[in-house]
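# Analysis of the macromolecular model
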Amino acid sequence: MNADNVNSINDIWSAVLEILSTKLTSTAMTTWFTGCTPVEINGSDFVIYTPTGFKRSIIVSRFSETITAALSDIFSTEFNLVVLAGEELDAYKEGKPDNDPLPEMAGYTFDRFIVGNSNRFAHAAAVAVADKPGNVYNPLFIYGNSGLGKTHLLLAIGQAIHEKNPEANIVYIKGDEFTNQLLKAIKEGSGEEFRMKYRNADLFLVDDIQFIAGKQSTQEEFFHTFNNIYEANHQIVITSDRPPMEMSLLEDRLRTRFEGGLLVDIQPPDIETRMVIIRTKAAQLGLVLEDDAVNYIAETITSNVRQIEGVVKRLTAYKEILDSTIDTAAVKRAIKDVIRIGTFIPSPQHIIRETARYYSLKEEDLRGQNRSKNTAMARQISMYLIRTLTNLSLKDIGTEYEGRNHTTVLSSIKKIEELIQSDPQMAITIRDITSNINAIIV
């Protein structure tokens, strides 16, 4: 079998039947597999359909091991065989729309999380929390660099708890969104509604908590929200790009509460785990990759699972849209599309966006003429970061801010440089924003 010819669910099923035909008689193939069609790959489930319940019972009892072994040979990963019969196909399709309380949880399950030495402890802790929410490891604090699976574990906990208790009140929020919603509630006079939404959560999932550090009113509100949920013995799960002790702007009373639970970190996966991730993601997308392609991706992208998944998605697009052969050249092209080989140079737009987000401002605030102290500082920092992180001239930087002249830009940059030398807090702020800028989402 030529793996380059396998790219769709029908191609995969044809390859499976080809393997079966070498092990079964032509009569058996005709009797049991005529009218049998593939439906989809859903996580680790390979779903097929056969017209009658009798055929289904035979396929399951006699041939399921052979079929799953064939799938394992093709993809080098394990699958479960799901066989639908009769009217079950229509019911299956009708039941596909996600009924989760949070659309963010769709697709994030424990069985789709690849476990390796770098994340085994974090995964085990997440499973334990999902099994007994509020009783063990509360809060659970997961930290690590961008793209390693923190959000996946966070939302997988939500999925697992929802499956066991569909009535559970699950609330998910990102750190910067918590700030934005609080400011909106204060402005609109809906503070009580805001508090009720979060403080009554059975499961409180908070992603990227680092964005509330340094925001006094946000930390005050989050402190009381945390206490209400914790004292009710309801579960709190938090993710961050760093441990609490490294958040210098985080209030001590929040830091001690975060550290009072279980802190677990996720490290970049080793090469064996990266190879499993590549093969599994490819299998989920109906794509077969040759060993050389898998090895090249695993050896090139070493620290970001999200980028690995991005490469596989692009290879799938090459195969399906361009009918392109998935060789090493295609892999190199896909990698260049996803990551910057060598030094990453962010765009000025990205720098302005991340700086504005850090200060809970809009991009147009930084680009425009707003002269408030907070906005002016954010604007000067963004100019400094564009100068240090890109190759743009002072004149080109000025064009990003409604045509400000190079003298104004230079003055802003010098001011930030002086503050970095004299104010340790400014150095920390620059580091934090730079970290957010480099956390590119594929």
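Structure's up top.
Right, let's get into empty space enclosed by the protein. By the definition in use, this model includes two cavities of 30 Å³ or more. By volume, the largest cavity amounts to about 80 Å³. Together, Gln210, Phe211, Ala213, Arg242, Met247, Ser248, Leu249, Tyr358, Asp432 and Asn436 line the largest cavity. By residue class, the composition of the lining of the largest cavity is five nonpolar, three polar and two charged. Of the pockets and cavities examined, the second largest cavity occupies roughly 50 Å³. For the second largest cavity, the full set of lining residues is Ile74, Phe75, Ile278, Arg279, Ala282, Leu287, Val288, Leu289 and Val294. If you list the elements that add at least two residues to the lining of the second largest cavity, you get helix H3 (53–75) and helix H11 (271–284). For the lining of the second largest cavity, the element with the highest residue contribution is H11, accounting for three residues. A breakdown of the residues in the lining of the second largest cavity according to their chemical character gives eight nonpolar, no polar and one charged.

To continue, consider the pattern of salt bridges. Summed over all chains, the structure comprises 15 salt bridges. With a closest N to O distance of 3.0 Å, Arg199 and Glu221 form a salt bridge. Of this pair, Arg199 sits in helix H8 (residues 191–199) while Glu221 sits in helix H9 (residues 216–231), and the two are 22 residues apart along the sequence. The closest approach of N and O atoms between Arg431 and Asp432, which form a salt bridge, is 3.1 Å.

This next bit is on H9. Between its terminal C-alpha atoms H9 stretches 23 Å, which fits the 22 Å expected from 16 residues at 1.5 Å a residue. Every buried residue of H9 is accounted for by Thr218, Gln219, Glu221, Phe222, Phe223, Thr225, Phe226, Asn227 and Ile229. Positive backbone phi, approximately 60°, marks Asn233, located one or two places after H9.

Criteria and cut-off values
Residues numbered from 1 in each chain as written. Predicted model: local features only at pLDDT ≥ 70, side-chain atom pairs only at ≥ 80, totals over all residues. Heavy atoms only, no water. 1 Å grid on protein atoms, 1.4 Å probe; cavity = no way out; pocket = protein on both sides within 12 Å on 5 of 7 lines; lining within 4 Å. Points joined across faces, edges and corners; volume = space filled by probe spheres on them. Nonpolar A, V, L, I, M, F, W, Y, C, P; charged D, E, K, R; others polar. Helix = DSSP H or I, 4+ residues; strand = E, 2+ residues; numbered from the N terminus. Salt bridge = Lys/Arg side-chain N within 4 Å of Asp/Glu carboxyl O. Expected span 1.5 Å × (residues − 1). Buried < 20%, exposed > 50% of the residue type's maximum accessible area, 1.4 Å probe, protein only.

None of this, on its own, says anything about what the molecule does.
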